[in-house]
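Listed here are the chains, written in short residue letters.
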Amino acid sequence: MPEMRLGLLLVISAPSGTGKSTLIRRLCAEFPRLAFSISYTTRAPRAEEVNGREYYFISEQEFTGLREQNILAEWAEVHGHHYGTPRPAVLDMLAQGRDVLFDIDIQGARQLQKVFAHGAFVFLLPPSKHALEQRLQRRGTEDRETLARRLGNARKEIEQAVFFDFQIVNDDLEQAYHELRAVYLAESLRSRCNPTLAETILATWDEDG
Ligand code: ADP
Ligand code: 5GP
């Protein structure tokens, strides 16, 4: 019997500025088998972003069209813009046995928990309000008003952390990365993801007669 693998869903949420993109980039670089779920967004691309790599950048009108056609597995308004996950792309990747990683906000993750109950849902926490503020400032992608709004939202978002399967504090980046990596590896060893593994090994008994 050929070995079969079922892809897993790894959903990572965090208040903006916590370090989620940093950790996700590293995880994708170490594990090329992990496919990134590319979301649609109505926000403008940042300087280094490429359409079709970080996001599909679309208009409000196009976003409404996708919602009405029920293309989105989940969607949310985050910091004044719309974001959504394309369902067909996710189902395709899972059908190919690929693990799929989602970088989505907390509201979106809570919706996805209802659609894909067997996913692994990770909440990344900043060590403190002060550390989060410093990281947002250092990243330099927000004006003062946006930064204040993101800090205010973070408080409400952190109240939702208990509803996630895993909570990782991104204080020391190395430690947070190793914890995230451990979650991914443990999840990928679940029997559900490897339903024919033992049968494949048992077949070697038959080969010996
Ligand atoms: P997010 O994707 O969660 O919005 P980023 O990955 O863009 O956050 O990180 C925000 C800023 O914080 C970046 O400048 C990043 O280099 C920095 N950063 C990430 N993790 C840490 C950490 N553990 N300690 C200090 N700075 C960090
Ligand atoms: P940014 O604008 O900084 O790239 O992202 C802002 C927030 O939107 C982040 O928390 C990010 O995880 C979230 N986000 C990105 N894509 C999606 C998506 O498809 N759905 C939802 N609900 N949130 C998303």
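Residues numbered from 1 in each chain as written. Chains lettered and ligands numbered in written order. Predicted model: local features only at pLDDT ≥ 70, side-chain atom pairs only at ≥ 80, totals over all residues. Heavy atoms only, no water.

Asks: Can you break down the overall build of the protein chain residue by residue, with the values?
Replies: When helices and strands are counted, the protein chain shows eight helices and nine strands. Counting only C-alpha atoms and orienting by the principal axes, one finds that the protein chain spans roughly 75 × 40 × 30 Å. Evaluated residue by residue, the protein chain yields a buried proportion of 45% over its 209 residues. Across the protein chain, the fraction of contacts at a sequence separation of at least 24, relative to all contacts at a separation of at least 6, is 69%. (Helix = DSSP H or I, 4+ residues; strand = E, 2+ residues; numbered from the N terminus. Buried < 20%, exposed > 50% of the residue type's maximum accessible area, 1.4 Å probe, protein only. Contact = heavy atoms within 4.5 Å.)

Asks: Give a detailed account of the packing of aromatic side chains, specifying residues and quantitative values.
Replies: This structure, assessed with the given rule, holds six aromatic pairs. Ring centres of Phe123 and Phe164 lie 5.1 Å apart, and the angle between their planes is 85 degrees; on these two criteria the pair is classed as edge-to-face. Highlighted residues: Phe123 in strand E8 (residues 120-125) and Phe164 in the loop between helix H6 (144-158) and strand E9 (166-169), separated in sequence by 41 residues. The pair formed by Phe123 and Phe164 is uniform in burial state, with each residue classed as buried. Members of the aromatic cluster, connected to one another through ring pairs, are Tyr55, Phe57 and Tyr83. When the ring centre of Tyr177 is taken as origin, the NZ or CZ atom of Arg26, which lies over that ring, is 4.1 Å away. The ring of Trp75 has Arg67 sitting right over it, with the charged end atom 4.2 Å from the ring centre. (Phe/Tyr/Trp six-rings, centres within 6.5 Å; stacked < 30°, edge-to-face > 60°. Lys NZ or Arg CZ within 6 Å of the ring centre and 35° of its normal.)

Asks: Can you explain the site of ligand 2? Please cite residues and give values.
Replies: Ligand 2 sits among 16 residues. The nearest are Lys20, Arg43, Tyr55, Tyr83 and Asp103. In this structure, Gly84 approaches ligand 2 through a main-chain N or O atom, which is 3.2 Å from an oxygen atom. Within the backbone of Ile104, one N or O atom sits 3.4 Å away from an oxygen atom of ligand 2. Here ligand 2 is seated within the largest pocket. For the shell around ligand 2, the secondary structure elements donating two or more residues are strand E5 (72-78) and strand E6 (81-86). Here the residues of the shell around ligand 2 are counted per class, giving five nonpolar, four polar and seven charged. (Near = heavy atom within 4 Å. Polar contact = N/O pair within 3.5 Å; in protein donor to acceptor, adjacent residues only side chain to side chain. 1 Å grid on protein atoms, 1.4 Å probe; cavity = no way out; pocket = protein on both sides within 12 Å on 5 of 7 lines; lining within 4 Å. Sits in = over half its atoms within 2 Å of the grid points. Nonpolar A, V, L, I, M, F, W, Y, C, P; charged D, E, K, R; others polar.)

Asks: I'd like a description of the pairing of E6, backed by residues and values.
Replies: The buried count for E6 comes to five of six residues, which makes it a mostly enclosed element. In this antiparallel pair of consecutive strands, E5 and E6, the connection spans two residues, and His79 shows a positive phi of 45 degrees. (Pairing = 2+ DSSP bridges.)

Asks: Tell me about the sheet that holds strand E2 (residues 34-36), and name the residues and values.
Replies: Taking strand neighbours across the sheet as the criterion, the five strands line up as E2-E7-E1-E8-E9 in an open arrangement whose pairing is parallel. Across the chains shown, the open sheet's two edge strands, defined by having one partner strand only, are E2 and E9. Strand-to-strand, the axes of this sheet are offset by a mean angle of 25 degrees, without reference to chain direction. Packing against the sheet, helix H3 (residues 87-95) makes contact with strand E1 (9-13), E2 and strand E7 (99-103), and its axis sits at approximately 150 degrees to E7. (Axes fitted to C-alpha atoms, helices over the stretch in contact; angles between N-to-C directions.)

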